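Reading the structure
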Amino acid sequence: MILAKAVELGISKVGFARATAVSPEAYERYARWIERHCHGEMSYLEKYEDVRRDPRLLLDGAQTVIVCAFNYYPSQFQRADVPQIASYALGRDYHEVVKERLMQLAEYIRENFGGETRVCVDTAPIRERYWAVEAGVGFMGTNNQLILPGRGSYYFLGEVLTTAVFEADEPCRDSCMGCGRCVKMCPAGAISPEGYVDASKCLSYLTIEYRGDLPENLDLGNRVYGCDECQRVCPHNRSARPTTISEFAPSDELLSLDAQAIAEMTPQQFSAIFRHSAIKRTRLAGLQRNLRACQAGLKGDE
Ligand code: SF4
Ligand code: SF4
């Protein structure tokens, strides 16, 4: 019954895990990643340690973590000669789209199974990829992406915590084939063969989250927002199929955005174009900073 509702909401895969504390191994791995300052300046990742350890602190009496995966693989891509935007940001902001759909799922659960719910979409301190593995939705790749067996990694994750009890799925024990392509092809050398991603070097972090001046001689290539390289080269994504969620279809406005349009963009135009886009996160100043870094790097290559 709940699976039919999930399909109706465009959810590609749903899994159930019993809400407990995360395993000590998973917690240690995260703590080591923070100790090594791999999180760059994302200091919020240091906070709410207790909640990251135990999702029951997000919802009193939580019994089940329901993990939902939404396909965002684009049906269309940008031309190669325009500043590149990561695939996930070509459509409408997933925070809005996934949240709207999970709120409907949560309402359905309350009406049909009772209890309380809480929806999480990348804003609450929950270890979502850990729970996705526990709920049988996918496995972790060396590139730190959650990979759905046979479907790839171009998926957004969202969770519904509920006090209702659902039978738990078996955790996904598949593993990434460890071909090493993501390690070799990462333009920033941010991925270790052991599967640690140093976010402070990652172009996705630097172009989206980082607010200061970009490091000198940073080679962004033509990437003005985010980076898809470690997903693009992953063999598991050969099976990726375009999303059927219409809100994730790339907007014509974004597909046609060129360097001149970004360089000359006013704050008003930025707000109008990106009001419902994840790109608003980087702000106009950040987008134009990234463009200048791309142009400086490309000039240096001539
Ligand atoms: S997003 Fe790009 S820079 Fe970041 S780890 Fe993946 S390949 Fe490397
Ligand atoms: S590119 Fe290879 S090593 Fe990297 S996540 Fe994919 S399968 Fe694993």
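All residue numbers here refer to positions counted from 1 along the written sequence of the relevant chain. Each chain gets a letter, beginning with A, and each ligand a number, beginning with 1, in the order they are written. For this predicted model, a pLDDT threshold of at least 70 governs which residues receive local features, and a threshold of 80 or more governs which side-chain atom pairs are given and counted, while totals over whole chains, interfaces and linings are taken from all residues. Based on all heavy atoms of the structure, the side-chain values leave hydrogens and waters out of the count.

What follows concerns the pattern of salt bridges. Where charged atoms from two side chains of opposite charge come close, those side chains can pair. Basic side-chain nitrogens of Lys or Arg form a salt bridge, by our definition, when they fall within 4 Å of a carboxyl oxygen of Asp or Glu. Following the criterion strictly, the structure yields twelve salt bridges and no others. Linked through salt bridges whose partners overlap, the residues forming this network are R92, D93, E96, E100 and K280.

Bringing the sheet that holds strand 2 (residues 64-71) into the picture now. Judged by pairing direction, the sheet is antiparallel, and its four strands sit side by side in the order 1-2-7-4 without closing on themselves. Each edge of the sheet is formed by a strand with only one pairing partner; in this case those strands are strand 1 (13-18) and strand 4 (117-120). Recorded for the sheet is a direction-independent mean angle of 20° between the axes of neighbouring strands. By the convention used here, strands pair only if DSSP detects at least 2 bridges between them. Strands here are runs of E lasting at least two residues and helices are runs of H or I lasting at least four, both read from the DSSP assignment and numbered beginning at the N terminus. In the sheet, strand 1 pairs with strand 2 via six bridges, with the strands oriented antiparallel. Residue pairing in the sheet places V14 in a bridge with C68 of strand 2. Across the sheet, helix 4 (residues 94-113) touches strand 2, strand 4 and strand 7 (155-162), and the angle it forms with strand 7 is around 30°. To define axes, lines are fitted to C-alpha atoms, for helices over the stretch in contact only, and angles between the resulting N-to-C directions are given on a 0 to 180 degree scale. The contact criterion used throughout is that any non-hydrogen atoms of two residues lie within 4.5 Å.

Turning our attention to the site of ligand 1. The nearness test applies per residue and asks whether one of its heavy atoms lies within 4 Å of the molecule or strand. Residues in close proximity to ligand 1 include C186, P187, I191, C202, L203, C227, E229 and C230, which together make up its full environment. Across the shell around ligand 1, the residue classes break down as seven nonpolar, no polar and one charged. When residues are grouped by polarity, Ala, Val, Leu, Ile, Met, Phe, Trp, Tyr, Cys and Pro land in nonpolar, Asp, Glu, Lys and Arg in charged, and all others, Gly among them, in polar.

Right, let's get into the packing of aromatic side chains. By convention here, two paired aromatic rings are described through the distance between centres and the angle between planes. Each Phe, Tyr or Trp ring (for Trp, its six-membered ring) is paired with any other whose centre lies within 6.5 Å, and the angle between the two planes then decides the class: stacked below 30 degrees, edge-to-face above 60, tilted in between. In this structure the tally under the stated criterion is 15 aromatic pairs. Where Y88 meets Y94, the ring centres are 6.0 Å apart and the plane angle is 80°; that geometry is what we call edge-to-face. Comparing Y88 with Y94, the two get one shared label, buried. Between F270 and F274 the ring centres are 4.8 Å apart and the planes differ by 55°, which places this aromatic pair in the tilted class. Here F270 pairs with F274, and both are found in helix 11 (residues 267-274), just four residues apart, close to one helical turn. Across the pair, exposure class does not vary: F270 and F274 are buried alike. By way of ring pairs, the aromatic residues Y72, Y73, F77, Y88, Y94, Y154, F156, Y225 and F248 are connected into one cluster. For a lysine, the NZ atom is tested; for an arginine, the CZ atom; a charge sits over a ring if that atom is within 6 Å of the ring centre and within 35 degrees of the ring normal. One Lys or Arg, R29, reaches over the ring of Y196 and ends 4.6 Å from the middle of that ring. Lying over the aromatic face of Y27, R53 brings its terminal NZ or CZ to 3.6 Å of the ring centre. Three labels apply to residues, based on accessible area from a 1.4 Å probe with only protein chains included: buried if under 20% of the type maximum, exposed if over 50%, partly exposed otherwise in between.

Domain ranges listed in this record stem from an automatic or a database domain assignment. Annotation of the protein chain at the domain level lists domain 1 (2-79 + 91-162) and domain 2 (181-301). Computed from C-alpha coordinates alone, the two centres of domain 1 and domain 2 are separated by 23 Å. Each partner contributes residues to the interface: domain 1 has 41 residues there, and domain 2 has 40 residues. In total, about 3500 Å² of surface goes out of reach between domain 1 and domain 2, with carbon and sulfur atoms giving 54% of it. In this structure, E96 engages K280 in a salt bridge whose closest nitrogen and oxygen atoms are separated by 4.0 Å. Contacts described as polar in this section are N or O atom pairs within 3.5 Å, which, within protein, must combine one atom able to donate a hydrogen with one able to accept it, while residues neighboring in sequence count only if both atoms come from side chains. Counting across the domain 1 and domain 2 interface gives 20 residue pairs in polar contact (both at pLDDT 80 or more). Secondary structure elements with two or more residues in the side of domain 1 that touches domain 2: helix 2 (24-35), strand 2 and helix 4. Here the buried area means the combined drop in accessible surface, using a 1.4 Å probe, for two parts upon being joined, counting both sides.

Residue placement: Q231 occurs in helix 8 (residues 229-232). Using a relative accessible area of 4% as the deciding quantity, one classes Q231 as buried. When residues no more than four places from it in sequence are discounted, the contact partners of Q231 are Y72, N143, Q145, S153, Y154 and N237. A distance of 3.2 Å separates a polar atom in the side chain of Q231 from a polar atom in the side chain of Y72.

Relative to the helices and strands, N144 resides in the loop between strand 5 (139-140) and strand 6 (146-147). According to the relative accessible area criterion, N144 is buried, its value standing at 18%. Ignoring sequence-local partners within four residues, the contact set of N144 consists of R129, G195 and V197.

Any helix carries an expected span of 1.5 Å times its number of residues minus one. Along its twelve residues, helix 2 runs 16 Å from first to last C-alpha, staying within 8% of the 16 Å computed at 1.5 Å per residue. Looking at the packing, one finds that the buried side of helix 2 touches helix 3 (49-53) and helix 5 (128-134). Trailing helix 2 by a residue or two, H37 shows a phi angle of about 60°, which is positive.

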